[in-house]
Amino acid sequence: MKNTKHYPWIVVGLLWLVALLNYMDRQMLATMRPSMEADIPELVSGENFGRLMAIFLWIYALMSPISGIIADKLNRKWLIVGSLFVWSAVTYAMGYATTYNQVYWLRALMGVSEALYIPAGLSLIADYHQQKTRSLAIGIHMTGLYVGSALGGFGATIAATYSWHSTFHYFGMAGVVYAVILVFLLREKKTVEEKTINISDIVPNKKPSVLQGLALLFTNISFWIILFYFAIISLPGWATKNWLPTLFSDNLGIPMEQAGPLATITISFSSLLGVIFGGILSDRWVQKNVKGRVYTSAIGLSLTIPALLLIGFGDSLFHVVGAGLFFGIGYGMFDANNMPILCQFVSSKYRATAYGVLNMTGVGCGALVTSLLGKSSDSGTLGYGFALMAGVVLIALVVQISFLRPKVNDFVDA
């Protein structure tokens, strides 16, 4: 199987399941809060719950650039397998938690282990898929995140049927078993960048240092532009993951057992459509115009702006679900093109590091907005907080369109 011409797509399929578990395990806590409140009364407070969600994000953010650097230096297969095994074991252990502090520190440990996956997984897919299939391959992989988020929304439903302890045990054990399976099926791939070599230039092979790689990134103005708009869209991106179920429950007057699946399925299903459409459109457009990926991403950003306004101020099922669908499609189109756009400005030697820095900044913004919306939830202004984010996304859209100008589809060091 590893030697067939279809193996690059098999890699996408294998990592799709890892992505699903990655988001399912982290997301189900957002909807299981009511089930856990009886055993852990500190979770009744929205501010305490916001802290619980935020600690994962802060640790995840701080670990992301380190994870990227590790992925550029070490074997990504074992990094992915190890990461999956650890966060699944942590998920299993959550079922034994009896205090708020235990859940808090397990959530922090999950942030460390889950952060190791995304830079390694995306850079591996980018290496297996070149120009004509890169956006679609990464887009398909991203659908695993959305499906996992949707399945995590059923955490409250499963917990209501059985118990929240058993729910954590079942999901955690599934990940541990799959990590063992990946040991035998996943293979590393290292690319060699093509360049003209003079005999006088041949020197002993020496890997670039960590500081050299970071210096190349932070002296690249295009990387700063990508970093800026990635951080901005991360605000509503994480807000919908962590607080949309609560907003649906409050605005529509329905219990969390219904609001959780409704919110997560709405966003996840529409995002799935968005990444597939955005991936296909981008791969075709870039063959005719080198800015095709940027334009596809910008179209996605533009769709999220009216959606955020309607999510914030809508008070009917039609309004909030329609807005959620619109937001998901736009966010999916944006999400499918982040790594492909990065490939237009950063060589393969530093892509995991670069995405790790993006992830750190984006998740840091997510942690900030998660905490702020926790206070908004307690004060009854959660919807206003969502609507306010439409303005900052508009700024990001203008910056992206005006200043991001790729010259090639796949950047190679000179």
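Reading guide: rules and limits
Residues numbered from 1 in each chain as written. Predicted model: local features only at pLDDT ≥ 70, side-chain atom pairs only at ≥ 80, totals over all residues. Heavy atoms only, no water. Helix = DSSP H or I, 4+ residues; strand = E, 2+ residues; numbered from the N terminus. Rg over C-alpha atoms; globule rule 2.2 N^0.38 Å. Buried < 20%, exposed > 50% of the residue type's maximum accessible area, 1.4 Å probe, protein only. pLDDT = per-residue confidence, 0-100. Contact = heavy atoms within 4.5 Å. Patch = residues over 30% accessible without salt bridge, like charges linked within 9 Å, V, L, I, M, F, W, Y side chains within 5 Å. Areas by Shrake-Rupley, 256 points an atom, 1.4 Å probe, with all protein chains shown as cover. Salt bridge = Lys/Arg side-chain N within 4 Å of Asp/Glu carboxyl O. Expected span 1.5 Å × (residues − 1). Bend = angle between axes of the 7 residues up to and from the residue. Polar contact = N/O pair within 3.5 Å; in protein donor to acceptor, adjacent residues only side chain to side chain. Phe/Tyr/Trp six-rings, centres within 6.5 Å; stacked < 30°, edge-to-face > 60°. Lys NZ or Arg CZ within 6 Å of the ring centre and 35° of its normal. Axes fitted to C-alpha atoms, helices over the stretch in contact; angles between N-to-C directions. Parallel < 35°, antiparallel > 145°, perpendicular 65-115°, else oblique. Nonpolar A, V, L, I, M, F, W, Y, C, P; charged D, E, K, R; others polar.

Now for the overall build of the protein. Counting secondary structure elements, the protein contains 16 helices and zero strands. In terms of overall dimensions, the protein is globule-like: its C-alpha atoms have a radius of gyration of 21 Å, near the 22 Å expected for 414 residues. Its C-alpha atoms put the protein at 70 × 45 × 35 Å along the principal axes. Buried positions account for 59% of the 414 residues belonging to the protein.

Okay, the confidence of the model for the protein next. Chain-level statistics for the protein give a pLDDT mean of 88 and a share of 94% at 70 or above. This stretch, residues 193-205, has a pLDDT under 50; its non-local contacts, to residues over four places away or in other chains, come to 10 contacts.

A few words on a nonpolar patch on the surface. A grouping of Leu151, Phe154, Ile265, Phe269, Leu273 and Leu325 is seen on the molecular surface, where their side chains present a nonpolar patch of about 480 Å² in accessible area. Element by element, the count of residues in the nonpolar patch is highest for helix 11 (residues 256-288), at three residues. As for its placement among the helices and strands, Ile265 is situated in helix 11. Residue Ile265 is classed as partly exposed on the basis of its relative accessible area of 36%.

Below, the discussion takes up helix 10 (residues 221-252). The end-to-end C-alpha distance of helix 10 is 45 Å, a good match for the 46 Å that 32 residues give at a rise of 1.5 Å each. Helix geometry: helix 10 is bent most strongly at Trp243, by close to 60°, with proline Pro245 lying one to four residues after it. Of all 32 residues making up helix 10, 26 are buried, and the element is well covered by its neighbours. Where helix 10 begins, the side chain of Asn220 points an oxygen toward the backbone nitrogen of Ser222, at a separation of 3.0 Å. Positive backbone phi, approximately 65°, marks Gly253, located one or two places after helix 10.

Below, the discussion takes up the side chain of Arg107. Turning to its location among the elements, Arg107 is positioned in helix 4 (residues 100-115). When residues no more than four places from it in sequence are discounted, the contact partners of Arg107 are Asp25, Arg26, Leu29, Leu52, Met53, Ile55, Phe56 and Met94.

In the structure shown here, the tally under the stated rule is seven salt bridges. Notably, a salt bridge pairs Asp127 with Arg76, separated by 3.0 Å at the nearest N-O pair. Placement of Asp127 in helix 5 (residues 117-128) and of Arg76 in helix 3 (residues 76-94) is noted, with a sequence separation of 51 residues between them. Arg76 shares its class with Asp127; the two are buried. Here Asp410 makes a salt bridge to Arg351, at a shortest N to O gap of 2.5 Å.

So, about the packing of aromatic side chains. With the rule as written, the count across this model stands at 17 aromatic pairs. Centre to centre, the rings of Phe49 and Trp243 are 6.1 Å apart; their planes meet at 85°, and the pair counts as edge-to-face. Here Trp243 lies in helix 10 and Phe49 lies in helix 2 (residues 46-73), a separation of 194 residues in the sequence. Here Phe49 and Trp243 have matching classes, each one buried. Taking the centre distance of 5.5 Å and the plane angle of 40° together, the rings of Trp285 and Tyr295 count as tilted. Of this pair, Trp285 sits in helix 11 while Tyr295 sits in helix 12 (residues 292-313); the two residues are 10 residues apart in sequence, bridging distant segments of the chain. Trp285 sits in the partly exposed class, given a relative accessible area of 28%. By way of ring pairs, the aromatic residues Tyr229, Phe230, Phe327, Tyr331, Phe334 and Tyr355 are connected into one cluster. The ring of Phe56 has Arg107 lying over it, and the distance from NZ or CZ to the ring centre is 4.7 Å. For the cation-ring pair, Lys241 lies above Trp238, with the distance from its terminal atom to the ring centre recorded as 5.1 Å.

With respect to the helices, strands and loops of the structure, His129 is situated in the loop between helix 5 and helix 6 (134-152). Here Pro8 takes part through its backbone oxygen, which lies 2.9 Å from a polar atom of the side chain of His129. Setting aside residues no more than four positions away along its own chain, His129 makes contact with Pro8, Trp9, Val12, Arg134 and Ala137.

The next thing to look at is the environment of Glu114. Tracing the backbone shows Glu114 in helix 4. Distance in space between the C-alpha atoms of Glu114 and Trp87 is 6.1 Å, their sequence separation being 27 residues. For Glu114, the residues in contact, after removing those within four places along its chain, are Asn22, Asp25, Arg26, Phe56, Tyr60, Ser83 and Trp87. A polar atom in the side chain of Glu114 sits 2.8 Å from the side chain of Arg26.

This part is about the environment of Asn22. Take Asn22: it is sitting in helix 1 (residues 7-37). Looking at Asn22, the relative accessible area reads 0%, which means it is buried. Taking the C-alpha atoms as reference, Asn22 lies 7.2 Å from Gly148; in sequence the two are 126 residues apart.

Where helix 6 meets helix 11, the axes come as close as 8 Å, and the angle between the chain directions of the two elements is 180°. With respect to each other, helix 6 and helix 11 are oriented roughly antiparallel. Across the interface between the two elements, Arg134, Ser135, Leu136, Gly139, Ile140, Met142, Thr143, Tyr146, Val147, Ser149 and Ala150 of helix 6 pack against Thr264, Ile265, Ser268, Ser271, Leu272, Val275, Ile276, Gly279, Ile280, Ser282 and Asp283 of helix 11. Across the contact of helix 6 with helix 11, the residue classes break down as 11 nonpolar, nine polar and two charged.

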